[in-house]
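So the chains spell out like this:
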Amino acid sequence: MNEEGLKFQKQNELALILAETSRQLAPSALEDFTSLLLPHLPDEAKHLLSWDIAVYDTQKGNIWGLNNEFFAHRQLDNLASCHSALTALLDEKRNQVPQSTLVCAFFDHEEVGSESHCGAASHFLTDTLKRISDATSNSTQDFARALARSFMISADMAHAYHPHFPSVYDTQHAVHINQGVVIKINVNQRYATDSVSQAMFMNWCQQAKVPYQLYSHRNDLPCGSTIGNIVAKLGLRTVDVGCPMWAMHSCRESAGVFDHNAMIDVMRYFFSTSHDDTL
Ligand SMILES: [Zn+2]
């Protein structure tokens, strides 16, 4: 492990270990997983047939770094972006009724391709937006018109330059923790940003007094993707952005306290202003 790093054999070495006990000593509740769940369920769920399980670090998050500039927590990718968007949407200081229909959409299954009945590639968002349009207009044309006039910020976390791994970054396009929100660009359209959406988002950052950084992945390494392009198929002009972070997908990730607030600020600006004139 010290020489070659830690590599898991997924079938055998990633199985969860819940307890170790001999059969004689095992309390009956541990003999099958269903009986372990039952005491925690309301009465009407006593005939449990099936379940989904999500495993995560239950330790609390904490602030760290010489100047308290980092925070470490589980699932920052991508709950941090969800938190930013929801905080901005629910902004209590917004003093006027929004001119536009404001939507925050959060999806499961992004990490496994989004192709599910409820993932970003499902009909859920399209149907919901269509029904909002139908409820507020008499013309069947208005839905398409509204999409054409809409803008989407696709927010997912970004890989910040890490001094341990300098070779996996394009030195011209690396982004750094606490140096601002990241605009992601990829000419192979792994990200949905184009020059127009990039310029619009840069302008909003400037208006909100938020610093930004531009990211492109190395050409010789596979680039990640987001749900940006999946949802952009609706005909939405889209920018892919995110906060820079370290140790993405580890059970305890780190990001910058400054960047998270910056993302909230620029999203708050986006939600508070009508952008028709800039589209
Ligand atoms: Zn991810």
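Residues numbered from 1 in each chain as written. Predicted model: local features only at pLDDT ≥ 70, side-chain atom pairs only at ≥ 80, totals over all residues. Heavy atoms only, no water.

Novice: Explanation requested: helix α8 (residues 257-272) in the structure shown.
Specialist: Working note: α-helix, 3.6 residues per turn, so residues spaced by three or four point in the same direction. With 16 residues, α8 should cover 22 Å at 1.5 Å per step; its first-to-last C-alpha distance of 23 Å lies within 8% of that length. When we look at burial in α8, the residues that qualify are D259, H260, A262, M263, I264, V266, M267, F270 and F271. (Helix = DSSP H or I, 4+ residues; strand = E, 2+ residues; numbered from the N terminus. Expected span 1.5 Å × (residues − 1). Buried < 20%, exposed > 50% of the residue type's maximum accessible area, 1.4 Å probe, protein only.)

Novice: What should I look at first to understand the sheet that holds strand β8 (residues 244-246) in this one?
Specialist: The strand order across the open sheet formed by 5 strands is β1-β2-β9-β8-β4, and the pairing between neighbours is mixed. The open sheet has two free edges, formed respectively by β1 (62-64) and β4 (158-159), since each of these has just one partner strand. Here β8 runs beside strand β9 (residues 253-256); their pairing, made up of 2 bridges, is antiparallel. For M245, the partnering residue across the bridge sits in β9 and is A255. The strands touched by helix α3 (residues 76-89) within the sheet are β2 (70-73), β8 and β9, with β9 carrying the most contacts at an inclination of about 35°. In the packing of α8 onto the sheet, contacts are made with β1, β2, β8 and β9, and the angle to β9 comes to roughly 65°. (Pairing = 2+ DSSP bridges. Contact = heavy atoms within 4.5 Å. Axes fitted to C-alpha atoms, helices over the stretch in contact; angles between N-to-C directions.)

Novice: Quick question: what am I supposed to make of the side chain of S122 here?
Specialist: Mapped onto the secondary structure, S122 falls in the loop between α3 and α4 (124-136). With relative accessibility at 11%, the residue S122 sits in the buried group. At 3.5 Å, the side chain of S122 forms a polar contact with the backbone oxygen of H117. Not counting chain neighbours up to four residues away, the residues in contact with S122 comprise S114, S116 and H117. (Polar contact = N/O pair within 3.5 Å; in protein donor to acceptor, adjacent residues only side chain to side chain.)

Novice: For this particular structure, what's the right way to read the pairing of strand β7 (residues 237-242)?
Specialist: Looking along a regular strand, one sees side chains alternate from face to face of the sheet. For β7, the buried fraction is high: 5 of the 6 residues fall into the buried class. The sheet contact formed by strand β3 (residues 151-155) and β7 spans 5 bridges and is parallel. Each residue of the ladder has a partner; that of M152, found in β7, is T238. Judged from the 2 bridges that link them, strand β5 (residues 181-184) and β7 form a sheet pairing that is antiparallel. In the strand pairing of β7, I183 is matched with V241.

Novice: Could you clarify how one ought to interpret the confidence of the model for the protein in this entry?
Specialist: With 94% of its residues at a pLDDT of 70 or more, the protein has an overall mean of 89. Within the protein, the element-level pLDDT minimum falls on helix α2 (residues 33-37), averaging 79, and the maximum on β5, averaging 98. (pLDDT = per-residue confidence, 0-100.)

Novice: Hey, could you run me through the state of the cysteines in this one?
Specialist: Here, disulfide denotes a covalent bond that connects the sulfur atoms of two cysteines. Enumeration according to the criterion identifies 0 disulfides in this entry. Here C205 is not disulfide-linked; the sulfur of C243 is the nearest cysteine sulfur, at 10 Å. (Disulfide = S-S within 2.5 Å.)

Novice: Can you help me understand the packing of aromatic side chains in this one?
Specialist: How two aromatic rings sit relative to each other is set out by the distance from centre to centre and by the angle between their planes. For the structure shown, the criterion picks out 8 aromatic pairs. Measuring from centroid to centroid gives 5.2 Å for Y161 and Y169, while their planes differ by 55°, and the two rings are tilted. Given a relative accessible area of 25%, Y161 falls into the partly exposed group. Its relative accessible area of 9% is what places Y169 among the buried residues. Judged by centre distance (6.5 Å) and plane angle (75°), the rings of F201 and W204 are edge-to-face. Taken as a pair, F201 and W204 lie in helix α6 (residues 195-207) at a separation of 3 residues, close to a single helical turn. Given a relative accessible area of 1%, W204 falls into the buried group. Cluster of aromatic residues (ring-pair linked, three or more members): F151, F201, W204, F270 and F271. (Phe/Tyr/Trp six-rings, centres within 6.5 Å; stacked < 30°, edge-to-face > 60°.)

Novice: I'm lost on the environment of C223 in this one. Help?
Specialist: Considering the arrangement of structural elements, one finds C223 in the loop between β6 (212-215) and α7 (228-232). Given the relative accessible area of 13%, C223 is considered buried. Each C-alpha atom of the pair C223 and E3 lies 27 Å from the other, and the pair is 220 residues apart in sequence. In this structure, C223 is in contact with N186, R190, Y191 and H217, ignoring residues within four places of it in sequence.

Novice: What am I meant to see in the packing of α6 against α8 here?
Specialist: A pair of packed helices is captured by two measures, namely the crossing angle of their axes and the spacing between those axes. Two elements in contact, α6 and α8, have axes separated by 9 Å at closest approach and are oriented at 105°. Accordingly, the angle class assigned to the pair α6 and α8 is roughly perpendicular. Counted together, F201, W204, C205 and Q207 of α6 and V266, Y269 and F270 of α8 form the full contact between these two elements. Tallied by class, residues from the contact of α6 with α8 come to 6 nonpolar, 1 polar and no charged. (Parallel < 35°, antiparallel > 145°, perpendicular 65-115°, else oblique. Nonpolar A, V, L, I, M, F, W, Y, C, P; charged D, E, K, R; others polar.)

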